[in-house]
Amino acid sequence: MERTNLNHIEDIGMRAIVFAAVALSGLAATAQIAGASPGHGGGHAQEAGEAAALGQPGDPKARARVIELTMNDNMRFTPAKVMVLPGETVKFVVKNAGAVKHEMVLGSAAELKEHAEVMKKFPEMEHEAGKNSITVAPGETGTLVWQFTKVKGEYDFGCLVPGHFDAGMVGK
């Protein structure tokens, strides 16, 4: 191979390395700004504080009380209030009766409000399934199994799709 071709190949390789380094540093900065932690798999997992304060993901195979919720484009959950007990495992069956994507995210009222603000800045982010949230496409139904192990008192949930939380899409 001629020396000119080798220089060209080395130049292309170096450009690829520089591009990859810049791209990775940009992703790391975005994750840090969003309050994300490593291992999100491209999505947006909830902060450990939100999930840990309420409990933990429940075992989908374990016995659980079923609570059916409906989300709609009036930016409401029906019912907007559900009762759970500390230590209880609940299987939320969440139906999206609307024409746009909705989600149900468990957390404290303050954490949800703060997280809703972050989602406004990064609207393309999505929550990881199986954590303390579920995203449901229009006309679809999904499930979220959660074991409420940690906190006595009120638990909050909301839709953090940008604009939905501010429009009143919250529940307790």
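Please read these numbers as outputs of a predicted model, since none were measured by experiment.

Undergrad: For this particular structure, what's the right way to read the pattern of salt bridges?
TA: Pairs can form between side chains of opposite charge whenever their charged atoms are close. Under the criterion given, the structure shown has four salt bridges. Here E88 ties to R65 by a salt bridge, and the two come within 2.6 Å at their closest N and O atoms. One end of the pair, E88, is in the loop between β3 (76–78) and β4 (89–96); the other, R65, is in strand β2 (residues 65–72), with 23 residues separating them in the sequence. Assessed through its relative accessible area of 16%, E88 is described here as buried. R65 gets classed as partly exposed once you look at its relative accessible area, which sits at 36%. With its nearest N and O atoms 2.8 Å apart, the salt bridge here joins D156 to K172. Of this pair, D156 sits in strand β8 (residues 156–158) while K172 sits in the segment after β9 (170–171), and the two are 16 residues apart along the sequence. In this structure D156 comes out as buried when scored by relative accessible area, which is 10%.

Undergrad: I tried to follow the packing of aromatic side chains on my own but got confused; where do I start?
TA: Two descriptors summarise a pair of aromatic rings, namely the distance from one centre to the other and the angle between the planes of the rings. Across all of its chains, the model carries three aromatic pairs by this definition. Aromatic side chains F92 and F148 sit 6.3 Å apart centroid to centroid with 75° between the ring planes, which places their arrangement in the edge-to-face category. Highlighted residues: F92 in strand β4 and F148 in strand β7 (residues 141–148), separated in sequence by 56 residues. The same class applies to F92 and to F148, which are both buried. Taking the centre distance of 4.6 Å and the plane angle of 55° together, the rings of F148 and Y155 count as tilted. For Y155, a relative accessible area of 7% puts it in the buried group.

Conventions and cut-offs
Residues numbered from 1 in each chain as written. Predicted model: local features only at pLDDT ≥ 70, side-chain atom pairs only at ≥ 80, totals over all residues. Heavy atoms only, no water. Salt bridge = Lys/Arg side-chain N within 4 Å of Asp/Glu carboxyl O. Helix = DSSP H or I, 4+ residues; strand = E, 2+ residues; numbered from the N terminus. Buried < 20%, exposed > 50% of the residue type's maximum accessible area, 1.4 Å probe, protein only. Phe/Tyr/Trp six-rings, centres within 6.5 Å; stacked < 30°, edge-to-face > 60°.

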